[in-house]
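Here is how the chains run, residue by residue.
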Amino acid sequence: MSISPVLQVEDLHIDFQNDQKPLPVLRGLSYTLAAGRVLAVVGESGSGKTVHALSLLRLLPAAGRVSGGKILYKGENLLALCEKELRQVRGQKIAMIFQDPAASLNPVLTVGEQLTETLRAHRKLTKEQARQEAVKLLEKVGIADAEKRLDEYPFQFSGGMCQRVMIAMALALSPDILIADEPTTALDVTIQAQIIRLIKQLQEREKMAVIFITHNLALASQVADEVLVLYGGMCMEQAPAKELFSQPKHPYTQGLLASLASLKTRPERLPAIAGQPPVPGEIVTGCPFAPRCPRVKEKCRQSLPPLTKRGEHAVRCFWENKP
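Residues numbered from 1 in each chain as written. Predicted model: local features only at pLDDT ≥ 70, side-chain atom pairs only at ≥ 80, totals over all residues. Heavy atoms only, no water.

## Looking at the sheet that holds strand β10 (residues 234–240)
Spelled out, the test is: Being paired, for any two strands, means DSSP has found at least two bridges between them. The secondary structure listing takes helices from DSSP runs of H or I that are at least 4 residues long and strands from runs of E that are at least 2 residues long, numbered from the N terminus. Simply put, an axis is a line fit to the C-alpha atoms, just over the touching stretch for a helix, and the angle between two N-to-C directions goes from 0 to 180 degrees.
Strand order across the open sheet formed by 8 strands is β6-β7-β8-β3-β9-β10-β12-β11, with mixed pairing between neighbours. Only two strands of the sheet have a single partner each, and these edge strands are β6 (94–97) and β11 (308–310). Here the strands of the sheet are splayed against their neighbours by 20° on average, with no regard to which way each runs. Pairing between strand β3 (residues 38–42) and strand β9 (residues 226–231): 4 bridges, direction parallel. The residue of β9 that forms the bridge with Ala40 is Val227.

In structure tokens form, the structure reads like this:
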């Protein structure tokens, strides 16, 4: 029995306006996300990961605009909704955790005030009912002595605790989709592991779909059911997580995986991908990875390879898609 998708992104294009002309930062992104599944969107800085995530909730900065495609939540195109209709989606249907938890919390309001404000804005609760719900949310994300901590301010929380508060706020309205945008960037390795474990546990318990955005393939391997690799605003490879990590097809994915540290092998120097990624918005003829690719041919510089799917594995590479 097939599972109906909770989210479908179809041929999504995003441009940023400047004085001369629109600069394309995302070109033709498509994917389907089913309920209860985790999609990791992986790529270097500037690849379009966060811009794509912001577009799902129509939170792009003023210079950004969706220039083509559809974003379908349970069949309804979010790009066609008015602002009032969209407010019923944000938080209630699709929630987002941002990169810097401390910057995302209001420093002059207590944690309890911020949690209860979210609850009362969308649900008909009294102050006391909202406070009790807020206590349950903090307990759910592993914050001890939750009743007392509701009356504390964000500066009284560590970075990891602030991120737990942000996760609690994201879960407050039981969304169908959780977007986690680099949720462990500002945290040390030990706290990173705790947050990743918490997100995975909550996802399985609440049966949410999750879009996990990261530049770290090692983190993606811990949480993802499927992985989408972005480069230069385009999908280079997409596959079930186990297949992608065991049989990467695209030279870019292979380079990313080769650069990961391993306890089994300890080379003096880890291999790295030569060169620099394209500048966001730069229009490149041919494959955007061609200037850095170890297997580049003249055809790669002249033409953009199509994203070709074989089974559940899609790759944008002339040489991997040869019959």
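## Focus on the side chain of Gln203
We apply this condition: Each residue is assigned to one of three classes by its accessible area relative to the maximum for its type, calculated with a 1.4 Å probe on protein chains only: buried under 20%, partly exposed between the two thresholds, exposed over 50%. In what follows, residue pairs with any heavy atoms lying within 4.5 Å of each other are defined as contacts.
Position of Gln203 relative to the elements: it lies in helix α8 (residues 189–206). Given the relative accessible area of 4%, Gln203 is considered buried. The contacts of Gln203, once residues within four sequence positions are left out, are Gly36, Arg37, Val38, Met208 and Val210.

## What about the nonpolar core?
Short version of the rule: Think of a nonpolar core as a cluster: buried Ala, Val, Leu, Ile, Met, Phe, Trp, Tyr and Cys residues, connected wherever their side-chain atoms sit within 4.5 Å.
Formed by 41 residues in total, the largest nonpolar core has its most connected members in Leu115, Leu138, Val141, Val165, Ile167 and Phe212. Contributing elements (two or more residues each) for this core: β6, α4 (111–122), α5 (127–140), α7 (159–171), β7 (177–181), α8, β8 (209–214) and α9 (217–223). When residues in this core are grouped by element, the largest group, 8 residues, is from α7. Core analysis: the next-biggest nonpolar cluster, separate from the first, contains 35 residues, Val51, Leu56, Leu81 and Leu230 among them.

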